[in-house]
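Breakdown of the fold
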Amino acid sequence: MTAPVFFLSHARTPGSRVFGPDPDRPVFQFFDDLSRAVARVLDVPQAAAGFVERAGATLAESQRALATCQVFVPLYSPRYFTDPVCGRQWAAFRRRAGASFPGSVVPVLWTPRRAAAALPLAVLDVPVELGPPEPHEASSAAADEKEQYEDGGLYRLLDVDEDGQVYRRILERLARRVAVAARTFPAPPVHAGEVVAVADAFAVPPPRPVLRLTVLAPQGDRLPPGRDADAYGPLPTDWRPYRSAGEAPVAVQMAEVARNLGFSPESVPFEKAYGEFVSPGPGPAPWVLVIDAWTLSDPRLAERVRDIDAAGRPWVAVLAVLAVDEEQTRQHEKRLRALLRAALPRHLDAGRNAQRAAARGIETADAFGLIFAELAQGSYMRYVGGIQEHAPAPRSWPNKDDDSETGE
């Protein structure tokens, strides 16, 4: 694999890549356009100009590209700064670039500048510059292009720029920026292993509120009849429902997204959490319960889930997983969906949109991350509201019928 000039880092768009077109096609269109432009400016083959993670790319290919690219090109958007993968890519490149950083980073506004206004501390030392226009281009036209780019972002320009001229001129300016960065501040290559074990650069530092996480899934030695052990391990938290290359256990994914949302994740086993789920009164913390639909094959656990559904604790969010990209789950999809309907009727009938979608079973890893983030934030807001509702009303003045000096 040839070392690319640039590595395009972007947050994957939630959506099914199994049953429909890839929702990241605009990203790949931009990547192809930028690769051609960079190849032309630097006089290199287009195949050597850039790298982006496409469907089917292996984790090893991505790691090699990230370890050897000269320039890092992040697509700025609100989702980019909450994506743990993007945060780790940023941190890995920053560590290996050393003194070349931030000159070897060329950010691209994929969404409007105002949408990415709340930038994490990790990126504040990297200027968001479009680069100079062509010498023959009028300064007023160049300023107008820059304003369109910052006000709408490149994604919108792809859609509204009818003749494509503004998009192409901005693309050329970005390509020249990449070329200058590659010539002036190329990041030195490292071994691929050096870009693996890095922390998420965008994770919000503490202090942060606790978000409790519970996974209800089979263990590798106690599986439902006919279920393969491929997705499971010794503990429920080892469960990997989505078979995409390099996917971490769902417990790890939840913890990473929770940190990016500003929470301190705390894992609690189901047997310990169940009593809290069905007890009356305000809860101890906001909570997300993730359920493997296969678990409901066990009548005892299905009954417990029905108890949780009936209790309807507002600070408990329930998210079911039905990974239909996995052959065995797809074969049993009808039965598994029936089990979810029987176990979570209140969530399916009376919940908000995200709650109903979660109870039906989340099919893909991308959708899981998006729905989990929404449920976690909703659970926290309802938890805070519950605390305020149950708090005793303050007494600002002694009761005149009270004989004590304090009024208590």
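Scroll up to find the structure.
On a predicted model such as this, the values are computed, not experimentally measured, just so you know.

1. A short note on the sheet that holds strand β1 (residues 6–9)
With parallel pairing, four strands are arranged side by side in an open sheet as β2-β1-β3-β4. With one partner strand each, in any of the chains shown, β2 (50–51) and β4 (108–109) form the two edges of the open sheet. Taken together, the two bridges between strand β3 (residues 71–76) and β4 define a ladder with parallel strand orientation. From the neighbouring strand, L75 faces β4, where its bridge partner is V108. Running at roughly 165° to β1, helix α1 (residues 25–42) makes contact with β1, β2, β3 and β4 of the sheet.

2. Regarding the layout of surface pockets
Looking at the second largest pocket, its volume works out to about 510 Å³. Every residue lining the second largest pocket is counted, 24 residues in all, and those nearest its centre are L216, A217, Q219, P236 and L301. Top element by residues in the lining of the second largest pocket is strand β5 (residues 210–216). It accounts for four residues. Classifying every residue of the lining of the second largest pocket gives 14 nonpolar, six polar and four charged.

3. Let's talk about the side chain of T295
As for its placement among the helices and strands, T295 is situated in the loop between β7 (287–292) and α8 (299–311). Under the relative-accessibility criterion, T295 is labelled buried at 4%. At 3.3 Å, the side chain of T295 forms a polar contact with the backbone oxygen of L216.

4. Quick word on unusual backbone geometry
Backbone geometry follows two general trends: most residues other than glycine have a negative phi, and most peptide bonds adopt the trans configuration. At the junction of F101 and P102, the peptide bond is cis and its omega measures out at 10° in the coordinates. Residue placement: P102 occurs in the loop between α3 (84–97) and β4.

5. Describing the environment of E271
In this structure, E271 sits in helix α7 (residues 270–278). A relative accessible area of 48% means that E271 is categorised as partly exposed. Separated by 55 residues in sequence, E271 and L216 have C-alpha atoms that sit 9.2 Å apart. Sequence-distant contacts of E271, that is, excluding residues within four places in its chain, are made with R300 and R304. Engagement of the side chain of E271 in a polar contact is seen with the side chain of R304, the distance being 2.9 Å.

Analysis parameters
Residues numbered from 1 in each chain as written. Predicted model: local features only at pLDDT ≥ 70, side-chain atom pairs only at ≥ 80, totals over all residues. Heavy atoms only, no water. Pairing = 2+ DSSP bridges. Helix = DSSP H or I, 4+ residues; strand = E, 2+ residues; numbered from the N terminus. Contact = heavy atoms within 4.5 Å. Axes fitted to C-alpha atoms, helices over the stretch in contact; angles between N-to-C directions. 1 Å grid on protein atoms, 1.4 Å probe; cavity = no way out; pocket = protein on both sides within 12 Å on 5 of 7 lines; lining within 4 Å. Points joined across faces, edges and corners; volume = space filled by probe spheres on them. Nonpolar A, V, L, I, M, F, W, Y, C, P; charged D, E, K, R; others polar. Buried < 20%, exposed > 50% of the residue type's maximum accessible area, 1.4 Å probe, protein only. Polar contact = N/O pair within 3.5 Å; in protein donor to acceptor, adjacent residues only side chain to side chain.

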